[in-house]
Amino acid sequence: MALETTARSLSRPAGLRIAGWLAAHRAGLVVLGFAVAATAINAVWLVQDRHGGAVGIDEAGYLALAVSDHVQLIHNGPLTLAHFVLQQPVQPPLVTVLSSLVFLVTGGPSVLGAFAVQLGAYAITIVLSFAIARRLAGTLPGIVTAIVVASTPIALDYTHEYLFAIPSSAAFTAAVWAALNSNGLTRLRWSLLWGIALGAMVLSRSLTLAFIPAFAFLALVQILQSADRRRALAGLGSGTAAAAFVAAPWYVSQGGSVVRYLTTYGYGTTSYLYGARTSPLSLASLSNFVEVNINEYLWLPLTIVLLIGGIAIVARAVTALSHRRFRELLASPWFYVGFVVVEGLVALESTRNSGLGFVAPVVPCLVALGVSGLLHQLSGRVAVAVAAAVIIVAAAPPWLGKMPLHEPTAAPVTVDVPGLGPVSVFDTLTAFDLAAAGEIDHRDPKGSGWSTAARVLVADVDKLAAPTSQAFRVIFAFNNQLLNVNTFRLDQLLATGVGVDVNLLAAPAARSTGSYGAQLHNLAGEGEAFVLIRDSAHGDFQPPPDPSAVAAAAHRIGFAKRDSLRLPDGSRVDVWQR
């Protein structure tokens, strides 16, 4: 009896402690539950709408890297994987390496398994956006922000695509959250987390290098504002060392390829092919930047909410400055979050390349600012509750348009806005639909026919290859969004675990048989080789090679047509072998 009484007396305080912890973290647990539910819903969507379907050209390239990383890991070990990754140029390797680790759990490489990284990043972004908004304005703005971030078209779209937008968004948001909790970089563990997040951010997508100046400037502001500068400098040093530990090995190895890529596709002569042709400093460029980001990533209802919230924040800042509270403003979390958003948007607007989800890292903080700014200005529970409900309703349409009502042939609902033109209010096209425009049949919205055609083409080439051939080369004389060099390489890796040498034939200025023949001779080398020629340029990237001239050139240097494959759009691919 005495022992039972003692046990009850010991268990009661523990129970009270648990109850107290649950009560103190109730809002966070609610948001965590919401994030898990939202992630599960998106996982179901991926199973239904992407499993077995086509993948875009960029997705296929990144997925092939992930499978290659996995092959290196399981056959040669982590050290060889590290060496292999350091030799991968241009594209930072964090996302593909994480996917290769996921494959260890899922039992092997698969397209669907790779999306676990996207889903995890999506959940992390939701939870951290709540934490940032709660720091700005309290619990209710934090909850509303989490709901809105999870609902934005850009978050839903790029959780559904194997690209780097959402992982880089999660790292960016983590860096802001850690900085706000670091007490001006004086708390070591938060300073370290800040550095790790920044390292992960630039290692997930190279364009995020453009956001580093904002974090560096704000670190300087935090140090100058700190009451303990020595400790703040130590925090800056430890955070910088952590960032370098994460990202420096790859950037030291591949920095040259990153610089060439950014100065060609980001700010060079090629950048206009991926966005506006106007000067980045022009009013037309600014208008195009705003229009594109609203239409593709936010939509008009949510944009109006964020605009109102932004106006409220600016009014608050002006009031603070009019009362000469400049130092107080600099030390405010509002200034920190606002500065990373503004610098990020300016950096992205400075390039003519609108890219795919480039603005994703900035969006969670942008939403936290807008939602918190609007709700923080209101007084009275009823007014705040009504405003919160309106914001959630304004953010709800993407859940319908991007998921259950998804219809690739539907036209968007738009409103003409002076200075911007048609602005989306509601749309059922996903980013995948937009990327595959003109190729997806409404009777096959997943593009399963293209996926099957890609696998059949790989199997056909493998069947034709000589049994004694140690290696062969494949040359694509076309570059379609859903059937291309990347999809061939991916399907070859998934089927055999072995990559092949696959190259793309360029369309020379002369477009003559001789110019194609010179290219084919160089790309084919001396061993066994295949040339794949499509009889149509519909849906291909421009400029397409001339199929007749390519066929004549292939025949001239010893290739012969061995087989043909009909594609879902009715075009034909001829397989030439030498």
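See the structure shown above.
Residues numbered from 1 in each chain as written. Predicted model: local features only at pLDDT ≥ 70, side-chain atom pairs only at ≥ 80, totals over all residues. Heavy atoms only, no water.

Participant: Looking at this structure, I do not really get the overall build of the protein. What am I missing?
Facilitator: A count of helices and strands for the protein gives 24 helices and seven strands. What you see for the protein is a C-alpha radius of gyration of 26 Å, in line with the 25 Å of a compact globule of 578 residues. For the C-alpha atoms alone, the extent of the protein along its principal axes is close to 85 × 70 × 50 Å. Burial status across the protein gives 51% buried among its 578 residues. A separation threshold of at least 6 residues defines the contact pool for the protein, and within that pool the share at least 24 residues apart is 76%. (Helix = DSSP H or I, 4+ residues; strand = E, 2+ residues; numbered from the N terminus. Rg over C-alpha atoms; globule rule 2.2 N^0.38 Å. Buried < 20%, exposed > 50% of the residue type's maximum accessible area, 1.4 Å probe, protein only. Contact = heavy atoms within 4.5 Å.)

Participant: Please clarify how the nonpolar core should be interpreted in this entry.
Facilitator: Note on soluble globular proteins: their nonpolar side chains tend to be buried together. Val176, Trp194, Phe215, Tyr336 and Val340 are the most contacted members of the largest nonpolar core, which totals 108 residues. With 12 residues, the single largest contributor to this core is helix 6 (residues 111-137). Those residues in contact with tyrosine 336, other than ones at most four positions away along the chain, are Val176, Ala179, Leu180, Trp194, Phe215, Leu218 and Gln222. Core analysis: the second largest hydrophobic core is formed by 27 residues, Phe478, Phe530, Leu532 and Val575 among them. (Core = buried A, V, L, I, M, F, W, Y, C linked by side-chain atoms within 4.5 Å.)

Participant: Hey, could you run me through the pattern of salt bridges in this one?
Facilitator: Side chains bearing opposite charge may pair, as long as their charged atoms lie close to each other. Across all of its chains, the model carries nine salt bridges by this definition. The salt bridge partner of aspartate 501 is arginine 473, with a shortest N-O separation of 3.3 Å. Highlighted residues: aspartate 501 in strand 4 (residues 501-504) and arginine 473 in strand 3 (residues 473-476), separated in sequence by 28 residues. Between arginine 534 and aspartate 540 there is a salt bridge whose closest N-O contact spans 2.5 Å. Taken together, the salt bridges that share partners define one network made up of Arg534, Asp540 and Asp569. (Salt bridge = Lys/Arg side-chain N within 4 Å of Asp/Glu carboxyl O.)

Participant: Teacher, can you tell me more about the packing of helix 7 (residues 139-151) against helix 17 (residues 363-377) here?
Facilitator: Angle between the axes and distance between the axes are the two parameters that describe a pair of packed helices. The geometry of helix 7 relative to helix 17 is characterised by a closest axis approach of 9 Å and an angle of 140° between their N-to-C directions. Overall, the two elements helix 7 and helix 17 adopt an arrangement that is oblique. The two elements helix 7 and helix 17 meet at a crossing, and its hand is right-handed. On helix 17, the residues touching Pro141, Val144, Thr145, Val148 and Val149 of helix 7 are Pro364, Val367, Ala368, Val371, Ser372 and Leu375. Of the residues that constitute the contact of helix 7 with helix 17, the class distribution is nine nonpolar, two polar and no charged. (Axes fitted to C-alpha atoms, helices over the stretch in contact; angles between N-to-C directions. Parallel < 35°, antiparallel > 145°, perpendicular 65-115°, else oblique. Left-handed = near helix turned anticlockwise from the far one by under 90°. Nonpolar A, V, L, I, M, F, W, Y, C, P; charged D, E, K, R; others polar.)

Participant: Mind showing me how you'd approach unusual backbone geometry here?
Facilitator: Across residues other than glycine, the phi torsion is negative in most instances, and most of the peptide bonds are trans. Residue glutamine 542 is joined to proline 543 through a cis peptide bond whose omega torsion reads -5°. For asparagine 183, which is not a glycine, the phi torsion comes out positive at approximately 55°. Looking at the element boundaries, asparagine 183 is found in the loop between helix 9 (165-181) and helix 10 (188-204). We note that leucine 185 has phi near 65°; this positive angle belongs to a residue other than glycine. Looking at where leucine 185 falls in the secondary structure, it is placed in the loop between helix 9 and helix 10.

Participant: How do you make sense of the pairing of strand 7 (residues 572-577) when you look at a structure like this?
Facilitator: Taken across its six residues, strand 7 has five buried, putting it largely inside the fold. Bridge analysis of strand 5 (residues 529-534) against strand 7 gives five bridges, and the strand direction is antiparallel. When the sheet's bridge partners are listed, phenylalanine 530 is paired in strand 7 with glutamine 577. Sheet topology note: the strand 6 (residues 560-566)/strand 7 ladder contains six bridges and is antiparallel. Among the inter-strand pairings, arginine 566 is bridged to a residue of strand 7, identified as arginine 572. Where strand 6 folds back onto strand 7 in an antiparallel hairpin, the turn is made up of five residues, including glycine 570, whose phi is positive at roughly 95°. (Pairing = 2+ DSSP bridges.)

Participant: Help me out: how do you make sense of the sheet that holds strand 6 in this one?
Facilitator: Either a parallel or an antiparallel arrangement is found when strands of a sheet pair, and the pairing is made through backbone hydrogen bonds. Pairing in this open sheet of five strands is mixed, and the strands run 4-3-5-7-6 from one edge to the other. A strand with exactly one partner marks an edge of an open sheet, and here the two such strands are strand 4 and strand 6. On average, each strand axis in the sheet is tilted by 20° relative to the strand beside it, whichever way the strands run. Sheet strands touched by helix 23 (residues 513-524): strand 3, strand 4 and strand 5. Its angle to strand 3, the strand with the most contacts, is close to 150°.

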